[in-house]
Amino acid sequence: MTTRSSSSSTTQPIRVFALFIGIDRYQSTFIHPLNGAVADAQEMYMFMSKTYNLHSSDHRINRCDPILIYYAGHGDRVPAPNGWHAPDGMVETIVPYDTWTMNGEIGNMISDWGLGDLLASLAQNKGNNITVILDCCHSNSGTRGISEGGQFTDRSARVRGILPPSQDKDILNQFTSGLTSQFRCNQGSHDPDTHIILAACGSADQAREHRGRGCFTDALLRTLADIDLKKVTFAELMVLLPTLPLNQSPHCRGRNQGRFLFSTNILDKSIIPVIKGPNNELKLVAGWAQTVSPRDVFQVATIDEEPLGTFIPYRILQSYTILIPDRDSMNTSTFPRQARARRALAPLPQHPFGVYFSTSFDDLFVRSVEANSGHRIQRVGKTSADMLVDTEHDEAVFTLILRRLNHEERLNPRTQVHHQEVLVVLLNAARVHWHLCRDVNDENDVSIEFFALEQLPTSADEGSNPRWGPIKPIRNLVENGTVDITVGRKGFCYGMKLINKTNVDFYVYGHYFDVTSLKSETEYDISATGTGHGKIDIPLRRSGELPIGYGASGCDPFEFERSASVPVECGFLKFFLTTANLNHSPISLSPFEQHMNTRGLVSRKPEILRTCLLKIVGRYPP
């Protein structure tokens with residue numbers, strides 16, 4: 001089990017640049033005071049200063065140095081200003097000391113969008129090794145009234161009023177005036193690669209304090225003091241947290257939540273955390289929602305990579321699985337509290353990829369390709385092939401056949417007629433083919449609209465930081481499941497909207513597959529809310545809509561980038577809709593996985609309820 005590093009390793013003590021904010025008393029008397037926010041900030045500062053080489057934020061910050069921003073205080077949830085594309089019409093905020101209201105208007109709040117813009121600005125200059133800890137209500141998206149018999153105080157300001165459209169302008173202009181105009185245009189996307197957020201609760205939920213301490217911060221510090229900080233990732237840290245009172249549900253957001261705490265190293269995404277429970281049961285932090293199957297086999301090791309043995313599912317639930325040893329003699333009572341697992345592959349493929357080789361390839365060449373693929377590649381006749389391979393001008397050429405989608409595509413990459421180079425293309429094509437053709441359904445109760453975007457407003461003087469919105473009048477570019485665009489020299493950015501006509505809430509995972517070049521890099525992981533206890537925020541509500549590439553989804557706009565000298569490029573944008581939050585995107589699955597397991601008492605539910613597929617054709621003028 002390995003890690004990957006985004007910078008060279010160092011033996012020097014880890015430098016962490018940190019800002020700690022705690023607010024108990026507010027300038028406005030209409031915001032009720034808190035009792036534990038300042039204490040939380042002080043305790044967090046004490047822990048970090050004893051553990052790391054702590055610095056304040058200044059010019060000594062090098063790119064990718066760890067940066068921590070901690071906030072304890074009030075959060076809030078207020079109506080979105082006019083023109084802000086929020087799916088439920090609400091935005092989440094943090095509440096600074098000088099927040100005010102006058103004539104129904106709110107001032108000096110920092111919205112989740114504004115916070116995202118500031119973090120994007122910081123990431124542009126100092127790298128994306130930024131951790132934000134928010135112990136406040138409504139904290140998951142962005143960014144503490146007395147209740148429950150007077151013993152718990154929630155950290156929600158409950159300010160009544162409306163945010164002006166220019167809400168974030170003054171703050172943003174202080175920090176982004178030196179940025180290029182291109183970057184300023186992209187700030188509204190809130191790229192989830194820019195930072196990791198550890199949030200005390202979901203975007204619509206309450207964070208609480210008890211006996212002068214925030215429940216989340218108290219649990220977080222106790223957990224940090226009990227683990228090896230150099231060997232735990234942010235995602236694992238959230239799993240190790242104890243259950244908080246009153247169903248408070250901490251969240252972790254950000255695509256780099258597999259990063260080790262305040263480090264540049266990131267855990268291999270194929271590794272799944274394992275936690276030992278009080279009865280010595282081993283809980284795999286993945287369930288049927290993460291496609292764990294009764295046939296799975298897992299190799300489990302300590303966080304120091306010492307093998308513990310082979311395990312199989314005993315009981316599969318939605319978000320976790322109870323593992324048992326594959327042999328009865330194994331004693332788990334001596335196992336550490338924290339371990340890691342990796343799926344073990346069986347020698348035979350479940351879904352061989354059928355390839356037709358022309359007569360230009362002799363039998364020895366074909367047998368070599370099949371053998372080196374572990375028989376994942378299988379020679380078949382032309383009428384049943386998933387891929388055609390031929391030669392042209394002493395090069396191997398490839399045609400991908402997607403029968404379920406009624407589409408054939410001549411691939412742009414060519415290779416030398418060498419079995420290893422041909423095999424690389426075939427394995428990549430097999431992955432793309434399998435993901436595009438699997439879980440296809442014909443329901444039309446979830447649909448996609450696709451349209452060109454423009455920067456709004458066109459001038460910073462108009463009062464709002466630059467964000468994206470559909471060009472008006474709005475024109476849906478989808479015709480018969482296809483978007484066909486002639487890409488001009490200037491180019492455009494595009495956005496989408498998922499429309500849910502069902503009575504089911506969905507988590508959303510999207511991926512773009514370029515079938516011309518076999519690239520599949522642009523991932524829309526809308527539900528990347530990480531690991532938490534209890535309820536995880538749902539992005540696509542029943543009978544609701546979800547904007548993608550603009551508004552509050554946190555995704556970049558879709559752009560065409562000409563990658564080769566070809567006049568036409570074709571790709572498919574596919575969304576997987578599930579009823580459970582996944583720790584790993586469905587795209588991480590392999591078409592060649594097959595697992596052997598005959599023991600255990602398991603339950604299994606379908607992990608993909610809907611898929612939406614959009615064909616996108618980009619035409620480039622000479």
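For the structure itself, look to the data block above.
In short, a report on the structure. (Residues numbered from 1 in each chain as written. Predicted model: local features only at pLDDT ≥ 70, side-chain atom pairs only at ≥ 80, totals over all residues. Heavy atoms only, no water.)

Approximately 60 Å³ is the volume found for the largest cavity. Together, M44, M48, L68, I133, L198, L220, L224, F234, L237 and F262 line the largest cavity. At the level of elements, α1 (37-51), α5 (215-224) and α6 (234-240) are the ones that each hand at least two residues to the lining of the largest cavity. Partitioning the lining of the largest cavity into residue classes produces 10 nonpolar, no polar and no charged. (1 Å grid on protein atoms, 1.4 Å probe; cavity = no way out; pocket = protein on both sides within 12 Å on 5 of 7 lines; lining within 4 Å. Points joined across faces, edges and corners; volume = space filled by probe spheres on them. Helix = DSSP H or I, 4+ residues; strand = E, 2+ residues; numbered from the N terminus. Nonpolar A, V, L, I, M, F, W, Y, C, P; charged D, E, K, R; others polar.)

Looking now at the side chain of T233. Mapped onto the secondary structure, T233 falls in the loop between α5 and α6. A relative accessible area of 2% places T233 in the buried class. Not counting the four nearest positions on each side in its chain, T233 is found in contact with Q257, G258, R259, F260, L261 and L267. (Buried < 20%, exposed > 50% of the residue type's maximum accessible area, 1.4 Å probe, protein only. Contact = heavy atoms within 4.5 Å.)

As summarised here, the arrangement of the three strands in space is β5-β6-β9, forming an open sheet in which the pairing is antiparallel. Edge strands, defined here as strands with exactly one partner in the open sheet, are β5 (75-79) and β9 (110-111). Note: strand β6 (residues 90-94) against β9, two bridges, orientation antiparallel. Paired with T93 across the strands is S111, a residue of β9. (Pairing = 2+ DSSP bridges.)

Here the focus is the packing of aromatic side chains. Considering all chains together, one arrives at eight aromatic pairs under this definition. Seen from their ring centres, F234 and F262 are 5.7 Å apart, and the 80° between their planes marks the pair as edge-to-face. Note that F234 is positioned in helix α6 and F262 in the loop between β16 (251-253) and β17 (265-267), a separation of 28 residues in sequence. Given the relative accessible area of 1%, F234 is considered buried. With a centroid separation of 5.0 Å and 40° between ring planes, the pair formed by F361 and F365 is classed as tilted. A single burial state applies to F361 and to F365, both of which are buried. Here a set of aromatic residues connected by ring pairs shows up, and it is made of Y52, F234 and F262. (Phe/Tyr/Trp six-rings, centres within 6.5 Å; stacked < 30°, edge-to-face > 60°.)

Judged by nonpolar contacts, the single largest core of 39 residues is most densely connected at L198, F216, L224 and L261. Looking at this core, the elements that each hand over two or more residues are β2 (15-22), α1, β4 (67-72), β13 (196-199), α5 and α6. If near-sequence neighbours (up to four positions away) are discounted, L198 is found in contact with V132, I133, L134, F216, F234, L237, M238, H251 and C252. Core analysis: the next-biggest nonpolar cluster, separate from the first, contains 31 residues, A396, F398, L405 and L426 among them. (Core = buried A, V, L, I, M, F, W, Y, C linked by side-chain atoms within 4.5 Å.)

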